[in-house]
Number of protein chains: 2
Amino acid sequence: MDFNSFSQNYRELLDKTSIHFLNSLQLANALKEAILYSYTAGGKRIRPLLLLATIYAFNEDVVKGINSGCALEFIHTSSLIHDDLPAMDDDDYRRGKLTNHKVFGEASAILSGDALLVNAFQLISEDKYLTPNQKISLVKNLAICSGANGMIGGQQIDVENENKQIDLDFLMKINAHKTGKLIEFSLVAGAIIANQNEQVISVLKKVSFHIGIAFQIKDDLLDVIGNKEIIGKLTNSDEKNHKITYVSLLGIDKCNKKLTEHYQKSMDLIRSLNINSSFIEEIFKLIIERDN
Amino acid sequence: MDFNSFSQNYRELLDKTSIHFLNSLQLANALKEAILYSYTAGGKRIRPLLLLATIYAFNEDVVKGINSGCALEFIHTSSLIHDDLPAMDDDDYRRGKLTNHKVFGEASAILSGDALLVNAFQLISEDKYLTPNQKISLVKNLAICSGANGMIGGQQIDVENENKQIDLDFLMKINAHKTGKLIEFSLVAGAIIANQNEQVISVLKKVSFHIGIAFQIKDDLLDVIGNKEIIGKLTNSDEKNHKITYVSLLGIDKCNKKLTEHYQKSMDLIRSLNINSSFIEEIFKLIIERDN
């Protein structure tokens, strides 16, 4: 299988599984619609595909990662819905469409994000392919990577430092959590599902740190030099929000250099494992070469 | 052990465990403070105590329920923080103190609730007393009871029907989810931890339906006839928010009658199991006799 087939086939299977699950949530139809609106708004599914590519790299059955991949994308989608709220980044557009709260109102946007956070764990608990120990390990890692010491904590230190002069180290700390921790889960979950040991997982955590930083630098660059039609939201939103970014701290040239360095470190580390990492590498390339 | 000792000892152990866990969340101190503020704002811990009382009723070691009880109280606390937000019920006071967003701002209040939802599942995954199968069963049930088909879905249909004329059946549907589902988890989790079968769990779900309705009728009565100093928030807030309640639909006398009926049904059902249910019964009494 080449990367394009892998990517297309499993994207379809991920979406089919997620949407089937979401359609089963029949209690509050307006909530289901609001969740589906954001979930199907054209995300690239980078994180779940990276999870599946990691399973593939260890020659394990990729289907074992579908529910965990959906759970991961649920958490990611929740963070987008909540980040766009007026009390947070106050964004009207996301991926070329009105943001969730602009269409469904703030109350439903808050509750949609809440439901995605919680029901993600249901998906893992109901997985048919994994052992109870694997599931518990996935639940634990997903909670830690998403929670107060992970993505959500990163969002908090980001929000509370808006309009403040922060340095490069602190910016990297924000990114390592806000963006990096879900990428860490992608790789670590793949390793858990493929029954890898702590030593391998420790290398994968380093990989995710570097590709996570590269991911965020690319985001910051796109905010300045990207094309609104392609990105699907207003450019220069960071400047509007008075946010310190890699670009505002380093300038475009040094950002490009730093992007290449962290990308290269992630590639060196993943290759040091001597696994079948070609699909992981393709996704890393996508991360730094994307135009949206 | 009498009920007062049980209640006091395990309340202390629950809080010690929760607060120790919350203090370990060092990434974003403002987030930790905001969470601790609401978590320690004087909740009665009815749900986790009911979970522990259920374990006790089946003669199983109560300590096995501490982490699950804390997880349950995390989810409950999250729902209070998010329900009080301006986009939801827009409340300034809760339990006699300013609400979370009034003290820490909306962004931190949203993120505090998010973190509590997610980190709840970490607490279950890290439990030292339970088998992996028990933990997975608890994760699954907590996610379902809290999520889009449970508490959060109930909150959605509540919010979207504000200012609308709903009937008694629909009001009971809202309550059975918004209030009832976490009470259901209290009883079901206790049964899972005590290795009870589906037949017992099915009776406990019926019990939780009735005591959940009784709980909500009592809340609605307190909103009208309660003492602000004791309740800790403004009375008549339901009327202010144009909410249909049991009181507005039935009047006070019929409410008291209905409260007694549902309480009695829950007592009859729990006694039908022939278990050591005295502490469960004490908590049910507390639910309908409380003055706040």
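Everything quoted here is computed from the prediction, not taken from an experiment.

A. Looking closely at the overall build of chain A. For chain A, the helix and strand inventory stands at 15 helices and 2 strands. For 292 residues, the compact-globule estimate of 2.2 N^0.38 gives 19 Å, and the C-alpha radius of gyration of chain A, at 18 Å, lies within 12% of that figure. Considering only C-alpha atoms, chain A reaches an extent of 50 × 45 × 35 Å along its principal axes. Here chain A holds 292 residues, and 53% of them are scored as buried.

B. Highlighting the interface of chain B and chain A. Each partner contributes to the interface: chain B provides 44 residues, whereas chain A provides 44 residues. Mapped by element, the contributors of at least two residues to the side of chain B that touches chain A are helix 2 (29–39), helix 6 (106–125), helix 7 (132–146) and helix 8 (151–160) of chain B. At 13 residues, helix 6 of chain B tops the list of elements feeding residues into the side of chain B that touches chain A. Partitioning the side of chain B that touches chain A into residue classes produces 24 nonpolar, 13 polar and 7 charged.

C. Fine view of the relation of the copies chain B and chain A. Taken as rigid bodies, chain B and chain A are interconverted by a rotation of 180° and an axial shift of 0.0 Å, the fit giving an RMSD of 0.0 Å. Such a combination of turn and shift is consistent with a two-fold rotation axis. Residue B:Pro132, judged by its C-alpha, is the member of chain B lying nearest the rotation axis, at 2.7 Å.

D. Just helix 6 (residues 106–125) of chain A, in detail. For helix 6 of chain A, which comprises 20 residues, the first-to-last C-alpha distance of 30 Å matches the rise-based estimate of 28 Å (1.5 Å per residue) to within 8%. Counting buried positions along helix 6 of chain A gives 19 out of 20 residues, so the element sits mostly inside the fold.

E. Up close: the environment of A:Phe3. All names here are of chain A. Turning to its location among the elements, Phe3 is positioned in helix 1 (residues 3–23). Classification of Phe3 as partly exposed rests on a count of 16 C-beta atoms within 10 Å. Each C-alpha atom, one on Phe3 and one on Ile280, is 9.5 Å from the other, the two residues being 277 residues apart in sequence. Not counting chain neighbours up to four residues away, the residues in contact with Phe3 comprise Phe279 and Glu282.

F. The confidence of the model for chain A, seen in detail. For chain A, per-residue confidence averages 94 on the pLDDT scale, and 95% of positions sit at 70 or higher. Scoring the predicted complex yields pTM 0.96 and, for the interface, ipTM 0.96.

G. Geometry of the packing of helix 14 (residues 246–272) of chain B against helix 15 (residues 278–289) of chain B. All names here are of chain B. Where helix 14 contacts helix 15, the two axes come as close as 11 Å, and the packing angle between them is 175°. Classified by the angle their axes make, helix 14 and helix 15 are roughly antiparallel. For the pair helix 14 and helix 15, the contacting residues are Leu259, Tyr263, Ser266, Met267 and Ile270 in the first and Ile280, Glu281, Phe284 and Ile288 in the second. Residues of the contact of helix 14 with helix 15, tallied by class, amount to 7 nonpolar, 1 polar and 1 charged.

H. Spotlight on the environment of B:Ile201. All names here are of chain B. Mapped onto the secondary structure, Ile201 falls in helix 11 (residues 198–225). With 13 residues separating them in the primary sequence, Ile201 and Val188 have C-alpha atoms 5.9 Å apart. Apart from the residues lying within four places of it in its own chain, the contact partners of Ile201 are Val188, Ala191 and Gln196.

I. Spatial organisation of the packing of helix 3 (residues 46–57) of chain A against helix 10 (residues 180–193) of chain A. Residues and elements named next belong to chain A. As a packed pair, helix 3 and helix 10 sit with axes 8 Å apart at the nearest point and diverge in direction by 30°. By the angle class used here, helix 3 and helix 10 are roughly parallel. Helix 3 and helix 10 meet at a crossing whose hand is right-handed. Taken together, the residues of helix 10 that come into contact with helix 3 (itself represented by Arg47, Leu50, Leu51, Thr54 and Ile55) are Leu182, Ile183, Ser186, Leu187, Ala189, Gly190, Ala191 and Ile193. Residue composition of the contact of helix 3 with helix 10, grouped by class: 9 nonpolar, 3 polar and 1 charged.

J. Layout of unusual backbone geometry. Notably, A:Asp90 is not glycine yet its phi reads approximately 55°, a positive angle. Tracing the backbone shows A:Asp90 in the loop between helix 4 (66–83) and strand 1 (93–94). Looking at A:Asp90, the number of C-beta atoms within 10 Å reads 14, which means it is partly exposed. Notably, B:Asn59 is not glycine yet its phi reads approximately 60°, a positive angle. Position of B:Asn59 relative to the elements: it lies in the loop between helix 3 (46–57) and helix 4 (66–83).

K. Region of interest: the environment of B:Lys44. Here B:Lys44 shows up in the loop between helix 2 and helix 3. Classification of B:Lys44 as partly exposed rests on a count of 15 C-beta atoms within 10 Å.

Thresholds, definitions, all that
Residues numbered from 1 in each chain as written. Chains lettered and ligands numbered in written order. Predicted model: local features only at pLDDT ≥ 70, side-chain atom pairs only at ≥ 80, totals over all residues. Helix = DSSP H or I, 4+ residues; strand = E, 2+ residues; numbered from the N terminus. Rg over C-alpha atoms; globule rule 2.2 N^0.38 Å. Buried ≥ 20, exposed ≤ 12 C-beta atoms within 10 Å, placed from the backbone. Contact = placed C-beta atoms within 7 Å. Nonpolar A, V, L, I, M, F, W, Y, C, P; charged D, E, K, R; others polar. Least-squares fit on C-alpha atoms with pLDDT ≥ 70 in both. Expected span 1.5 Å × (residues − 1). pLDDT = per-residue confidence, 0-100. Axes fitted to C-alpha atoms, helices over the stretch in contact; angles between N-to-C directions. Parallel < 35°, antiparallel > 145°, perpendicular 65-115°, else oblique. Left-handed = near helix turned anticlockwise from the far one by under 90°.

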